[in-house]
Amino acid sequence: MNVQQFPTSTTLRLRGFRGDNAQHFDVHPFQLIVAGWAGRDVAAMEAHIRELEEIGVARPRTTPMYYRLASTLLTQADTIEVAGYGSSGEAEVVLIHGEDGYWVALGSDHTDRKLETVGVTLSKQVCAKPVSHGCWHFDDLLDHWDEIVLRSTVVVDGEPQLYQEGHLSGLQRPDALLETFLASGGSFPVGSIMFCGTVPVRNGFFFSDAVTLELVDPVLNRTLRHDYAVRALDIVD
């Protein structure tokens, strides 16, 4: 499928690290793809499917699934606003196609869990998608990708609580997801963004007004971190 580029008002301001060098650059995204059901570990992916089935979400027709969403959902703001208290975040690796190759950032596929029982695409489309300022060049991660840890923490009763944690060995690598996406007729030119799946939550889905995302590289001894607050808006029926 050919993607026609349209200008948007969204700009991602990134601080990229490649080897020992750091650089600042902007990306003007025009395509946002969220890869769902992207587990490499069949047992872990089945656990995530069961988590969603418990709240009424139907099983996917195939795995992985590629959901096409509005690129204007991407944000680096400190706070997002959502309708009511039925949403929650999901820590994900974010693949960014930049002018000089692929970059890996950190993001949250924040999703309305009540709407997810109606339609997965709709539930994702109604929530902003936080993205970190920091990113790493994908080439620097190839030889130790599986050792990197993805984590999220939420606040419960004023105290931080671990919400998700797992090695990237449990998820398909971004290049594998991209290969499948292209083989299915998709395209991924410069300016494209892909969220690359998540690890299971520890104690079920629930709303939190503060979310911390982390991507930890124990080999290169560095961490990407992104914090965002969630403001729940009253629903008036």
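Note that this is a predicted model, so its numbers are computed, not measured. (Residues numbered from 1 in each chain as written. Predicted model: local features only at pLDDT ≥ 70, side-chain atom pairs only at ≥ 80, totals over all residues. Heavy atoms only, no water.)

Draft legend 1. Region of interest: the sheet that holds strand S13 (residues 149-156). An order of S6-S17-S16-S13-S14 is seen for the five strands of this open sheet, with the pairing classed as mixed. For this open sheet the edge positions go to strand S6 (79-83) and strand S14 (159-167), each flanked by a neighbour on one side alone. Averaged over all pairs of adjacent strands, the angle between strand axes in this sheet comes to 25°, irrespective of strand direction. Here S6 runs beside strand S17 (residues 222-233); their pairing, made up of five bridges, is parallel. Its bridge partner lying in S17, Glu 81 is registered against Arg 231. (Pairing = 2+ DSSP bridges. Helix = DSSP H or I, 4+ residues; strand = E, 2+ residues; numbered from the N terminus. Axes fitted to C-alpha atoms, helices over the stretch in contact; angles between N-to-C directions.)

Draft legend 2. Local environment of the environment of Tyr 85. Looking at the secondary structure, you find Tyr 85 in the loop between S6 and strand S7 (87-88). Each C-alpha atom of the pair Tyr 85 and Phe 206 lies 8.5 Å from the other, and the pair is 121 residues apart in sequence. Ignoring anything within four residues of it in the chain, the contact list for Tyr 85 reads Phe 207 and Ala 232. (Contact = heavy atoms within 4.5 Å.)

Draft legend 3. Quick peek at the side chain of Ser 88. Of note, Ser 88 is situated in strand S7. Not counting residues up to four positions away in its chain, the partners in contact with Ser 88 are Asp 109, His 110, Thr 111, Arg 113, Tyr 163, Phe 205 and Phe 206.

Draft legend 4. Structural detail: unusual backbone geometry. The residue after Thr 63, namely Pro 64, is reached through a cis peptide bond having omega -5°. Of note in the backbone geometry, Trp 37 takes a positive phi value of approximately 55° without being a glycine. By secondary structure assignment, the location of Trp 37 is in the loop between strand S3 (31-36) and helix H1 (42-53). For Trp 37, a relative accessible area of 8% puts it in the buried group. The phi dihedral of Asp 157 is positive, around 55°, even though this residue is not glycine. Looking at where Asp 157 falls in the secondary structure, it is placed in the loop between S13 and S14. (Buried < 20%, exposed > 50% of the residue type's maximum accessible area, 1.4 Å probe, protein only.)

Draft legend 5. Fine view of the sheet that holds strand S1 (residues 12-18). In spatial order, the strands read S2-S1-S12-S9-S8-S15-S3-S4; together these eight strands make up an open sheet with mixed pairing. Taken across any chain shown, the strands that pair with only one partner, and hence form the sheet edges, are strand S2 (21-27) and strand S4 (65-69). With direction set aside, neighbouring strand axes in the sheet form an average angle of 30°. One ladder, built from eight bridges, connects strand S8 (residues 91-98) with strand S9 (residues 101-108); its direction is antiparallel. Considered in S9, the bridge of Val 93 is made with Leu 106. Here helix H4 (residues 174-183) sits on the sheet and contacts S3, S4, S8, S9 and strand S15 (192-195); the angle it forms with S4, its principal contact strand, is near 80°.

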